[in-house]
Amino acid sequence: MELLSPGFFPTPSRVIPLFALIFPVALLLWPSDRPPMFFFTAPGDAAFRRFLTVEAFFVLASPFSKVTFLRTFIADILCSMPKLLIDITTSVCLYGATCEAEFKGHLGAFLGAFPFCVRLAQSLRAARDAALEGGEEASASQKKNILNAAKYSASILLVAVSFAKSKTTTGDAEFEWLSRAWLILSVGCTLANFTWDVVNDWNLGGLRVDSLDKIAKEASRARAAELAPSQVSRPGSSASLALSTWLGQHPVGRAFPLWVYIGAVPLNALLRFGWAIYVSPNQKVVAEHTVLLLAAAELTRRAVWALLRIEWENSKRIAIVVGQAVPPTLQPVQEGSVEVEVNTTYHYN
């Protein structure tokens, strides 16, 4: 390797990428709770990092490892980081003994599709486990995981088509055909992923709230009871109060006010816009520096997705603990402590 060869001069262009590769690995493997240069730590951080590293290996071992929520969550995060994995090819060229263009292109395509291959393997494993278990609930879980597997298969095909298109010449018949196929897959995958986020991962179709009309009538009655007869007919106040009350109410069994869920939907749709370009290796739709902006947008979208995904998962588990059927709609939980012994099989999808 040139990095270790005699006379190698450690320029910043070589040292900084090497540091970026080594530092995360060293952080995960650091034996004490407080690594160097970290000022805020908590007892048990080292054990948690070791646990996270083991779980990451189980993710990479899909479909031979059991599917759990944490492992699917880690794999979903990886699906927002294909550009990071593709950039490993640059490190191979920077520090490796060879950097042939064909090898770099094939490696980039493989790394770009790898997170989707992991999620595909997890979905197929979850569908197989549900089929072996049997039962009405397991059958529904199996169908959902099969749909999820189809979604990730389409994403893998999108990466493959993008790579194949990069090997053709602009203006050729093959290039035009692949460009149309890439566009169709891009739109289809984006719509499918957006729908899955909203309907399955967040379950926003199952939100239970009082209607705006009901809240408006209650607000009008309350205002009429408080104000003098000459003031009751003044427009605007009751409507704005009803709207703010409606947006501020918490859906049954959910942690956040309604406006959070309403705002997350268009934000997810907007930031999904550049997803297909971002995950496509060797794309020529936008300049490479624009891909960095798309990557930042995707990580922002994924952070919002993660917040609502964990919140919905927690709501489902609370429903299981209090003895309710696994929602789509959650029943109100009575105040007070609940002590039950849970003995149930949970299906991840």
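One structure accompanies this document, and this report is about it.

The rules we used
Each chain has its residues counted from 1, running along the sequence as written. The predicted origin of the model limits local features to residues at a pLDDT of at least 70 and limits the giving and counting of side-chain atom pairs to 80 or more, whereas totals for whole chains, interfaces and linings rest on all residues. Side-chain metrics rest on all non-hydrogen atoms present in the structure, leaving aside hydrogens and water. Numbering goes from the N terminus for both helices and strands, where a helix is a DSSP run of H or I of at least four residues and a strand is a run of E of at least two. A 1.4 Å probe rolled over the protein chains alone gives each residue an accessible area, and that area as a share of the maximum for its type sets the label: buried under 20%, exposed over 50%, partly exposed in between. Any two residues whose heavy atoms approach within 4.5 Å are treated as being in contact. A patch consists of residues whose relative accessible area exceeds 30% and which take part in no salt bridge; residues with like charges are grouped when within 9 Å of each other, and nonpolar side chains (Val, Leu, Ile, Met, Phe, Trp, Tyr) when within 5 Å. In these tables, accessible area is a Shrake-Rupley quantity obtained with a 1.4 Å probe, and a residue counts as shielded only by the protein chains included in the view. A carboxyl oxygen of Asp or Glu within 4 Å of a side-chain nitrogen of Lys or Arg is what we treat as a salt bridge. The definition of a polar contact used here is a pair of N or O atoms within 3.5 Å, where within protein one atom must be able to donate a hydrogen and the other to accept one, and adjacent residues in sequence count solely through side-chain atom pairs. For helices, the fitted axis covers only the stretch in contact; all axes are lines through C-alpha atoms, and the angles between them, taken along N-to-C directions, range from 0 to 180 degrees. Roughly parallel refers to an angle under 35 degrees, roughly antiparallel to one over 145, roughly perpendicular to one between 65 and 115, and oblique to any angle outside these ranges. Crossing handedness follows the turn of the near helix against the far one: under a right angle anticlockwise gives a left-handed crossing, and clockwise gives a right-handed one. Only Asp, Glu, Lys and Arg are considered charged in this grouping, and only Ala, Val, Leu, Ile, Met, Phe, Trp, Tyr, Cys and Pro are considered nonpolar; every other residue, Gly among them, is considered polar.

### Side note on the overall build of the protein chain
When helices and strands are tallied, the protein chain shows 14 helices and 0 strands. Helices and strands in the protein chain line up, N terminus first, as α-α-α-α-α-α-α-α-α-α-α-α-α-α. Looking at the protein chain as a whole, 37% of its 349 residues qualify as buried. By sequence separation, contacts in the protein chain at least 24 residues apart represent 66% of the contacts at least 6 residues apart.

### Section: unusual backbone geometry
With omega at 5°, the peptide bond leading from S62 into P63 counts as cis. Mapped onto the fold, P63 is located in the loop between helix 2 (45–60) and helix 3 (69–78). Phi at N203 takes a positive value of approximately 50°, unusual for a residue other than glycine. Structurally, the position occupied by N203 is in the loop between helix 8 (173–201) and helix 9 (212–226). Given the relative accessible area of 9%, N203 is considered buried.

### With respect to the environment of K104
Relative to the helices and strands, K104 is located in helix 6 (residues 101–133). Here the alpha-carbon distance between K104 and V92, two residues 12 residues apart in the chain, equals 8.4 Å. With sequence-adjacent residues up to four places away left out, K104 is seen in contact with T89, T90 and C93.

### Details of a nonpolar patch on the surface
A contiguous nonpolar surface patch, about 540 Å² in accessible area, is contributed by V25, L28, L29, F48, F51 and L52. Elements with a minimum of two residues in the nonpolar patch: helix 1 (12–29) and helix 2. Tracing the backbone through its elements, the reader meets F48 in helix 2.

### Regarding the side chain of T168
Structurally, the position occupied by T168 is in the loop between helix 7 (136–166) and helix 8. Taking relative accessible area as the criterion, T168 reaches 13% and is therefore assigned buried. Of the polar contacts made by the side chain of T168, one reaches the backbone oxygen of K165; its length is 2.7 Å. The residues contacting T168, other than those within four sequence positions of it, are E174, F175 and L178.

### Observations regarding the packing of helix 7 against helix 8
With their axes 9 Å apart at the nearest point, helix 7 and helix 8 run at an angle of 150° to one another. By the angle between their directions, the pair helix 7 and helix 8 is classed as roughly antiparallel. Like other packed secondary-structure pairs, helix 7 and helix 8 cross with a definite hand, here left-handed. When helix 7 is examined against helix 8, the residues K144, L147, N148, K151, A154, S155, L157, L158, V161, S162, A164 and K165 are found in contact with a partner set consisting of F175, L178, S179, A181, W182, L185, S186, C189, A192, N193, W196 and N200. Of the residues assigned to the contact of helix 7 with helix 8, the class counts are 14 nonpolar, 7 polar and 3 charged.

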